[in-house]
Amino acid sequence: MDTYAGVLKGVIWEIFAQARIADLTHQVAPQNVLQAGYLLATAYRYFPEGTVHVAVVDPGVGTDRPAVAVETPSALFVAPDNGLLSSTWEVLTEKERAATRIVELTESHYWRSPVSSTFHGRDIFAPVAAHLASGVELSKLGPPRRQLVLLEGIQPVKLKGGIIRGRIVHIDRFGNCISNIEKEKVGSIHQQGWLHCRTGPHRLKGLARTYADEQSGCPLVLFGSSGRLEIAVRDGNAATQMGIGIGDEIDVWAE
Amino acid sequence: MDTYAGVLKGVIWEIFAQARIADLTHQVAPQNVLQAGYLLATAYRYFPEGTVHVAVVDPGVGTDRPAVAVETPSALFVAPDNGLLSSTWEVLTEKERAATRIVELTESHYWRSPVSSTFHGRDIFAPVAAHLASGVELSKLGPPRRQLVLLEGIQPVKLKGGIIRGRIVHIDRFGNCISNIEKEKVGSIHQQGWLHCRTGPHRLKGLARTYADEQSGCPLVLFGSSGRLEIAVRDGNAATQMGIGIGDEIDVWAE
Amino acid sequence: MDTYAGVLKGVIWEIFAQARIADLTHQVAPQNVLQAGYLLATAYRYFPEGTVHVAVVDPGVGTDRPAVAVETPSALFVAPDNGLLSSTWEVLTEKERAATRIVELTESHYWRSPVSSTFHGRDIFAPVAAHLASGVELSKLGPPRRQLVLLEGIQPVKLKGGIIRGRIVHIDRFGNCISNIEKEKVGSIHQQGWLHCRTGPHRLKGLARTYADEQSGCPLVLFGSSGRLEIAVRDGNAATQMGIGIGDEIDVWAE
């Protein structure tokens, strides 16, 4: 880790000394907006209501891509508007979406000065988050926006033959390969019979309840702690052993 | 690092907003209960009295392996009962052991709901730790237990010829190889003459006081900051240069 | 990460329970005083006034190298006096230097006891920092000193032909190679024409404003968020692709 994350904390405490700050992750694959967005969407709900979440995966830093602050009924987000909040938007219910407010960050009064052209995390996102945490109203940060930039293809699709096609959106430090296929989405099919799963050259059958359901060294398919379908190897590393990477397609169907 | 550790903090703050939380380590070799237990046992005493320590290396998550909370005279621990607390138990004095209370975690009132089958860190251990930190009495968490599961072979043994045989229990980021042989255990022998040390094909003689006692690039044996015998290479990486791994045997004797 | 950093927090909280603690970095190349000093010098100014910064890169731990605490008009530092604070000293203005106080750490009353010979971070630096943060006066920690040990060659030099020769002092996790050449130092020359840059076998021309100014995969030269000249590769890793390492020379000049 560089000092980048530490510096954000200094900037936040300068503005709001009482802030309690947790690092969600600094191990997102460089510039991987898909993975970062997935991780945020699955993690934020475990924090107290009203927590401000700062997410900075920002390949377009220094260009004119807009930056936003978002307030849902349960949390606040500060991020570049480059699709990073797509997965978070996807997990909101219709009712939550209707109650969500978005503003574009334009009020430089709430930023550090001068703003660098390469580190908006320090100069814009962290200061804005600190002001929000300290009680500044969302509407002060800039004009309202109607919509977020949303990434294409972050939701699984249904193919003919009852196949659901998703993607690997994250690989954790154990090498478990986590997809964007949620339990509810395949709830109906996996009760009809054996669950089949295919990714690259691999075909797997069955559905484990926990890692210990398989022999050591064997691959298994299960719904992980995030409620998404994942491929794991008991006591092993599925990503390296099976050659699976972020973005890879994964198909599931019932017998 | 994944978001797993960050999520635990969210869960803790949700229950006990005043908690100050430090990460001890997230770099334990996957499923290495021996290494994790050693790290915990050597680290916990540096925290303020009454600190709650959560340790989750849990290959049996989702099976019926029990989970425990432990209160010693100086600290509290929440962990799966899979041997992870063996080293901590070993470093307790007889008097401390007599005053130690153990409960099995059964009261789901103190857990998140629903409990996943793969992430008890988030759903059981972190919530229980937060409740303990906030003042909940140990006995509320479940029924008392008499004993912890203890790993075999975590203590060095005495062989004939005055040889003490221990194991490498940790390799730090500098590549220093730390054994389970405590200073007190070899105190008598290393004052009788030269200390000899053998691990794999390597034989070392002498006992350094500090890393700077040797030339750059040379291996040395010393008692490290944890009070355990360790093998290091001045300005180098003993683990990779000498091919030493966690679990390797190490013998020491006096001339 | 080992438990070393976590243990420092325990030690600090034992002395000063209200401390808010941020990790700046634990990824300094082993024993690299140059890199660590650079990272500290560029990071500390983003923290609230009066923050205590503990820096421990300490190849001479256990020898008689002195340890110091330093109070500048804006911050406090606790570190071995081995050149680690050179870059911080370099960024101070003349006025700030005149107002800076240095003491050698000799008052063991403010240390842990016993002091190990290999982990002064835990036994001396962290306790002293905690006492300073809790309000202990600098002068209580030991006798005043006039000077810090300063590394040679941490400032760029001017060669004939208008060439400024600096060094790579840090490589961040994206592989961006950051030099010790500050914007102000080359401000005059890069307005006269094209900026030329040479490191190892590579020659680059031009000055980007942000990473997005180049095509994906192309190298670029820009002033990064720390105000120093850096070499980057758009969507790539300059250090590995171009074979650049910490300590490498870098020359810049105008056409």
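Residues numbered from 1 in each chain as written. Chains lettered and ligands numbered in written order. Predicted model: local features only at pLDDT ≥ 70, side-chain atom pairs only at ≥ 80, totals over all residues. Heavy atoms only, no water.

**Student:** What am I meant to see in the pairing of strand S12 (residues 228–233) of chain C here?
**Tutor:** Regular strands place side chains that alternate from one sheet face to the opposite one. Residues and elements named next belong to chain C. S12 sits mainly inside the fold: six of its six residues count as buried. In terms of strand pairing, strand S11 (residues 219–223) meets S12 through five bridges, oriented antiparallel. Counterpart to Phe-223 in the pairing with S12 is Leu-229. (Buried < 20%, exposed > 50% of the residue type's maximum accessible area, 1.4 Å probe, protein only. Helix = DSSP H or I, 4+ residues; strand = E, 2+ residues; numbered from the N terminus. Pairing = 2+ DSSP bridges.)

**Student:** Quick question: what am I supposed to make of empty space enclosed by the protein here?
**Tutor:** Vacant regions in the atomic arrangement are exposed by a probe of water-molecule size rolled over the atoms. If you walk through the whole model with that rule in mind, you get four cavities of 30 Å³ or more. Volume-wise, the largest cavity comes out at about 140 Å³. Surrounding the largest cavity, 17 residues form its lining, Thr42(A), Ser225(A), Ser226(A), Thr3(B) and Tyr4(B) being those nearest its centre. The leading source of residues in the lining of the largest cavity is helix H2 (residues 33–43) of chain A, at four residues. Considered class by class, the residues forming the lining of the largest cavity number eight nonpolar, six polar and three charged. (1 Å grid on protein atoms, 1.4 Å probe; cavity = no way out; pocket = protein on both sides within 12 Å on 5 of 7 lines; lining within 4 Å. Points joined across faces, edges and corners; volume = space filled by probe spheres on them. Nonpolar A, V, L, I, M, F, W, Y, C, P; charged D, E, K, R; others polar.)

**Student:** Please explain the relation of the copies chain A and chain C as it appears in this structure.
**Tutor:** One copy of the chain maps onto the other through a rotation about an axis followed by a shift along the same axis. Aligned on chain C, chain A shows an RMSD of 0.0 Å; the corresponding rotation is 120 degrees and the shift along the axis is 0.0 Å. Here the copies are linked by what is in effect a three-fold axis. By C-alpha distance to the rotation axis, the residue of chain A lying nearest is Arg20(A), at 4.8 Å. (Least-squares fit on C-alpha atoms with pLDDT ≥ 70 in both.)

**Student:** I keep staring at the environment of Ala238(C) and nothing clicks. Help me out?
**Tutor:** Residues and elements named next belong to chain C. Here Ala-238 is to be found in helix H7 (residues 238–242). Spatially, the C-alpha atoms of Ala-238 and Cys-177 are 6.7 Å apart, while their sequence positions differ by 61 residues. For Ala-238, the residues in contact, after removing those within four places along its chain, are Gly-175, Cys-177, Ile-231, Ala-232, Val-233, Gly-243 and Ile-244. (Contact = heavy atoms within 4.5 Å.)

**Student:** When you look at the interface of chain B and chain A in this model, what are you seeing that I'm missing?
**Tutor:** By a widely used convention, the size of an interface equals the accessible area lost when the partners come together. Facing 28 residues of chain B, the contacting portion of chain A comprises 27 residues. Counting each side, the surface lost to burial between chain B and chain A is near 2,400 Å², with a carbon and sulfur contribution of 55%. Remark: the boundary between chain B and chain A carries zero salt bridges. When residues in the side of chain B that touches chain A are grouped by element, the largest group, eight residues, is from helix H1 (residues 4–15) of chain B. Split into classes, the residues belonging to the side of chain B that touches chain A amount to 12 nonpolar, 11 polar and five charged. (Buried area = accessible area lost by both parts, 1.4 Å probe. Salt bridge = Lys/Arg side-chain N within 4 Å of Asp/Glu carboxyl O.)

**Student:** Quick question: what am I supposed to make of the packing of aromatic side chains here?
**Tutor:** Each aromatic ring pair is characterised by the separation of its centres together with the angle its planes make. The final tally for this structure, using the stated rule, is six aromatic pairs over all chains. Measuring from centroid to centroid gives 5.3 Å for Tyr4(B) and Phe119(B), while their planes differ by 65 degrees, and the two rings are edge-to-face. One end of the pair, Tyr4(B), is in helix H1; the other, Phe119(B), is in the loop between strand S4 (101–104) and helix H5 (120–133), and 115 residues separate them in sequence. Take Tyr4(B): its relative accessible area is 25%, and that puts it in the partly exposed class. A relative accessible area of 12% places Phe119(B) in the buried class. When the ring centre of Phe174(B) is taken as reference, the NZ or CZ atom of Arg173(B) above it lies at 5.1 Å. Taking the ring centre of Trp13(A) as reference, the NZ or CZ of Arg20(C) above it sits at 5.4 Å. (Phe/Tyr/Trp six-rings, centres within 6.5 Å; stacked < 30°, edge-to-face > 60°. Lys NZ or Arg CZ within 6 Å of the ring centre and 35° of its normal.)

**Student:** Any chance you could explain the interface of chain A and chain C here in plain terms?
**Tutor:** Residue-level contacts link 27 residues of chain A with 27 residues of chain C. Inspection of the chain A/chain C interface yields zero salt bridges. The tally of links from chain A across to chain C stands at 14 residue pairs in polar contact (both at pLDDT 80 or more). In terms of residues, the side of chain A that touches chain C owes the most to one element, helix H1 (residues 4–15) of chain A, which gives eight residues. Its residues assigned to classes, the side of chain A that touches chain C shows 11 nonpolar, 11 polar and five charged. (Polar contact = N/O pair within 3.5 Å; in protein donor to acceptor, adjacent residues only side chain to side chain.)

**Student:** Honestly, the relation of the copies chain B and chain A in this entry has me stumped. Any pointers?
**Tutor:** The two copies are related by a screw operation: chain B maps onto chain A through 120 degrees of rotation and 0.0 Å of translation along the axis, at an RMSD of 0.0 Å. Take the interface residues of chain B: only 4% of them recur as interface residues in chain A, which is what a contact between different surfaces looks like.

**Student:** Would you explain the packing of helix H1 (residues 4–15) of chain C against helix H5 (residues 120–133) of chain C in this entry?
**Tutor:** Think of two packed helices as two axes; the pair is described by the angle between the axes and how far apart they sit. Residue and element names in this part refer to chain C. Between H1 and H5, the least distance of the axes is 9 Å, while the angle of their chain directions is 40 degrees. The orientation of H1 with respect to H5, classified from their angle, is oblique. Our pair here, H1 against H5, has a crossing hand that is right-handed. In this structure, H1 contributes Val-7, Leu-8, Val-11, Ile-12 and Ile-15 to the contact, and H5 contributes Gly-121, Arg-122, Ala-126, Pro-127, Ala-130 and His-131. A class-by-class count of the residues in the contact of H1 with H5 yields eight nonpolar, two polar and one charged. (Axes fitted to C-alpha atoms, helices over the stretch in contact; angles between N-to-C directions. Parallel < 35°, antiparallel > 145°, perpendicular 65-115°, else oblique. Left-handed = near helix turned anticlockwise from the far one by under 90°.)

**Student:** Quick question: what am I supposed to make of the pattern of salt bridges here?
**Tutor:** Opposite charge on two side chains allows them to pair when their charged atoms are near. The full count for this structure, using the stated rule, is 45 salt bridges over all chains. A salt bridge links Lys9(A) to Asp23(A); the nearest nitrogen and oxygen atoms lie 2.6 Å apart. Pair noted here: Lys9(A) is in helix H1 and Asp23(A) is in the loop between H1 and H2, with a separation of 14 residues, a long-range link. With a closest N to O distance of 3.1 Å, Asp123(C) and Arg112(C) form a salt bridge. Taken together, the residues Asp123(C) in helix H5 and Arg112(C) in the loop between strand S4 (101–104) and H5 connect sequence positions 11 residues apart. A residue is classified by how much of its surface remains accessible, and Asp123(C), at 0% relative accessible area, is buried.

**Student:** Would you take a moment to explain the sheet that holds strand S1 (residues 52–54) of chain C for this structure?
**Tutor:** Strand pairs in the sheet, formed through backbone hydrogen bonds, run parallel or antiparallel to each other. Residue and element names in this part refer to chain C. Pairing is mixed across the open sheet formed by five strands, whose spatial order is S1-S3-S2-S4-S5. The open sheet is flanked by S1 and strand S5 (144–145), the only strands paired with a single partner. This element, H5, spans S1, strand S2 (67–71) and strand S3 (76–80) of the sheet and lies at about 165 degrees to S3.

**Student:** Help me out: how do you make sense of the pairing of strand S10 (residues 202–205) of chain C in this one?
**Tutor:** Residues and elements named next belong to chain C. Here strand S9 (residues 195–199) pairs with S10 via four bridges, running antiparallel. Within S10, the residue paired with Cys-197 across the bridge is Leu-204. Following S9, the chain reverses through two residues before pairing antiparallel with S10; Gly-200 in that reversal takes a positive phi of roughly 55 degrees.

**Student:** Looking at this structure, I do not really get the nonpolar core. What am I missing?
**Tutor:** It is characteristic of soluble globular proteins that their nonpolar side chains tend to be buried jointly. Leu40(B), Tyr44(B), Val70(B), Phe77(B), Leu84(B), Leu85(B) and Leu148(B) are the most contacted members of the largest nonpolar core, which has 39 residues in total. Elements supplying a minimum of two residues to this core: helix H2 (33–43), strand S2 (67–71), strand S3 (76–80) and helix H3 (86–91) of chain B together with H1 and H5 of chain C. Those residues in contact with Val70(B) that lie beyond four places of it in its chain are Ala75(B), Leu76(B), Phe77(B), Leu85(B), Thr100(B), Arg101(B), Ile102(B), Leu138(B) and Leu148(B). (Core = buried A, V, L, I, M, F, W, Y, C linked by side-chain atoms within 4.5 Å.)

**Student:** It is not clear to me how H1(C) should be interpreted in this structure. Could you clarify?
**Tutor:** In an α-helix, one turn spans 3.6 residues, which is why side chains three or four residues apart end up on the same side. Between its first and last C-alpha atoms H1(C) spans 17 Å; for 12 residues at 1.5 Å apiece the expected length is 16 Å, and the two agree. Judged by how many residues are buried, H1(C) sits mostly within the fold: nine of 12 residues are covered. Taken together, the buried positions of H1(C) are occupied by Ala5(C), Gly6(C), Val7(C), Leu8(C), Lys9(C), Gly10(C), Val11(C), Ile12(C) and Trp13(C). Check the buried side of H1(C) and you find it contacts H2 of chain B together with H5 of chain C. (Expected span 1.5 Å × (residues − 1).)

**Student:** Even after reading the chapter, I still don't get unusual backbone geometry, so can you show me in this structure?
**Tutor:** Note the cis peptide between Ser113(B) and Pro114(B), where omega equals 0 degrees. Even without a glycine there, the phi angle at Asp235(A) is positive, about 55 degrees. Inspection of the secondary structure assignment puts Asp235(A) in the loop between strand S12 (228–233) and helix H7 (238–242). Look at Asp235(A) and you get partly exposed, because its relative accessible area is 45%.

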